[in-house]
Amino acid sequence: MSETGFVFTTDNKVRMLSSEIEVNDKLSSILGEKFIEYRKKFNAASNFELRTEFPLYMQIELNQICNLRCPMCSITIPKARQKYITEERMNWNTYEKIILEGEKYGCPSMNPQGTNEPLLDPKFEDYIKFASKHGFIDITMNTNATLLSEERSKKILESGLTRLRFSLDAATKETYEKIRVGAKFEPVMKNIERFLEIKQRGGYKLPIIGVNFCKMKTNEHEVDQFIEMWKDKVDLVAIQNFIAPELESDYTDFIPTDSEYNENMKKSFRCEQPWQRVYIKSNGEVCPCCVFFNEEVSLGNIQEHTIHELWNGSKMKTLQDLHKDGRYYDNPVCLNCVKCTTGVKDDSQLINIKK
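Model, not experiment: these values are computed from the prediction. (Residues numbered from 1 in each chain as written. Predicted model: local features only at pLDDT ≥ 70, side-chain atom pairs only at ≥ 80, totals over all residues. Heavy atoms only, no water.)

Asker: In this structure, what is going on with the state of the cysteines? I would like to understand it.
Answerer: Within the structure shown, the criterion is met by zero disulfides. Free of any disulfide, Cys 66 has its nearest cysteine sulfur in Cys 70, 6.2 Å distant. With a relative accessible area of 7%, Cys 70 lands in the buried category. (Disulfide = S-S within 2.5 Å. Buried < 20%, exposed > 50% of the residue type's maximum accessible area, 1.4 Å probe, protein only.)

Structure below.
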């Protein structure tokens, strides 16, 4: 698995590598025509060519609870935690309302997880099953795998989940435990190995398995080692660019020294996410992207509006048009997102801004 294999992305900030076959092609062979049609629409929307009646992907954050304290996360960083983390949990009735609206408009893809560790909820698999029962054909989740017992592994495999990614961010014990604070390297590796064994032994085609690496200054030296470590064990390796957890502080110490994504952002930036998805936070705020500070560009609250109404509202249309035209800088939150992500201090350093 390398740059000479299959390399693809859904939003440019995450580069996914697979050696055997492009993962969406693999899913197409398993899930059939409905999945193929969904991916055609998703690709067209990602290219700013298709404006859909309803989002093609919903990320539904049930709570904001985690058992780890990773240094780049809004749960850990005091300023971000104070602004964006809440004790509020989404109740089942709200979740059911969202899923049934998605079913009504034929939404094909979702993730019942956000800024949290989903396996802290002992009934998490029920959320996956409910979405699968109501027409969602592509259901994904991330986990830190600290709680991935044999019992939970079997439940996940039977739930209807399509994609599962393990968030690891390191290739060695030393770096892993420096980043994934509260986790132990060896037990997590054993949990993942056991899951892969159970999946293979049971003959499960799904979920597709990936591993995540959030590239930062503290771990960028292990990217190649991480790819080599996992290339023959999982379906894909995802290398994700560090994104700032909030917009007021200096995150230079986190920003990787070598980031093609950051260099491209300085030259030209259009965000695909408002054309693809919504992120529904545990407090009900419906947001157009998945960054930690997405509430800064909230479209409205699910308790007061339908998703269809917010998706087709003027706020979302304006944001979509800005990014289609490459004018992200006309939205102050999007401008600050680019600046904080790239470490740029002055607008003049962004050569794509037109005054």
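Text resumes after the structure shown.
Asker: What exactly am I supposed to notice about helix H5 (residues 124-133) here?
Answerer: Residues lying three or four places apart along an α-helix face the same way, a consequence of the helix completing one turn every 3.6 residues. Listed in full, the buried residues belonging to H5 are Phe 124, Glu 125, Tyr 127, Ile 128, Phe 130 and Ala 131. For H5, the elements touching its buried residues are helix H4 (92-104), strand E4 (109-111), strand E5 (138-143) and helix H6 (150-157). In the segment just after H5, Gly 135 is the residue with positive phi, at about 95°. (Helix = DSSP H or I, 4+ residues; strand = E, 2+ residues; numbered from the N terminus. Contact = heavy atoms within 4.5 Å.)

Asker: Looking at this structure, how should I read the packing of aromatic side chains?
Answerer: For any two aromatic rings, the description comes down to two numbers: the centre-to-centre distance and the angle of the planes. Throughout the structure, instances matching the rule amount to 17 aromatic pairs. Measuring from ring centre to ring centre gives 5.5 Å for Phe 35 and Tyr 38, while their planes differ by 80°; the resulting arrangement is edge-to-face. Taken together, the residues span about one helical turn, with Phe 35 and Tyr 38 both in helix H2 (residues 33-46) at a distance of three residues. Side by side, Phe 35 and Tyr 38 carry an identical accessibility label, which is buried. One aromatic cluster is present, formed by Trp 92, Tyr 95, Tyr 127 and Phe 130 through successive ring pairs. Here Arg 39 stacks its cationic end above the ring of Tyr 38, 5.2 Å away from the centre of that ring. Across from the ring centre of Trp 230, 5.3 Å away, lies the NZ or CZ of Lys 233, which sits over that ring. (Phe/Tyr/Trp six-rings, centres within 6.5 Å; stacked < 30°, edge-to-face > 60°. Lys NZ or Arg CZ within 6 Å of the ring centre and 35° of its normal.)

Asker: What should I look at first to understand unusual backbone geometry in this one?
Answerer: The phi torsion of most residues other than glycine is negative, and most of the peptide bonds are trans. Of note, the amide linkage connecting Leu 206 to Pro 207 takes the cis form, showing an omega dihedral of 5°. Structurally, Pro 207 is set in the loop between helix H8 (185-202) and strand E7 (208-215). Even without glycine at this site, Asp 169 takes up a positive phi of about 70°. Tracing the chain through its elements places Asp 169 in the loop between strand E6 (163-167) and helix H7 (173-179). Taking relative accessible area as the criterion, Asp 169 reaches 2% and is therefore assigned buried.

Remember, this is a structural readout, not a statement about activity or role.
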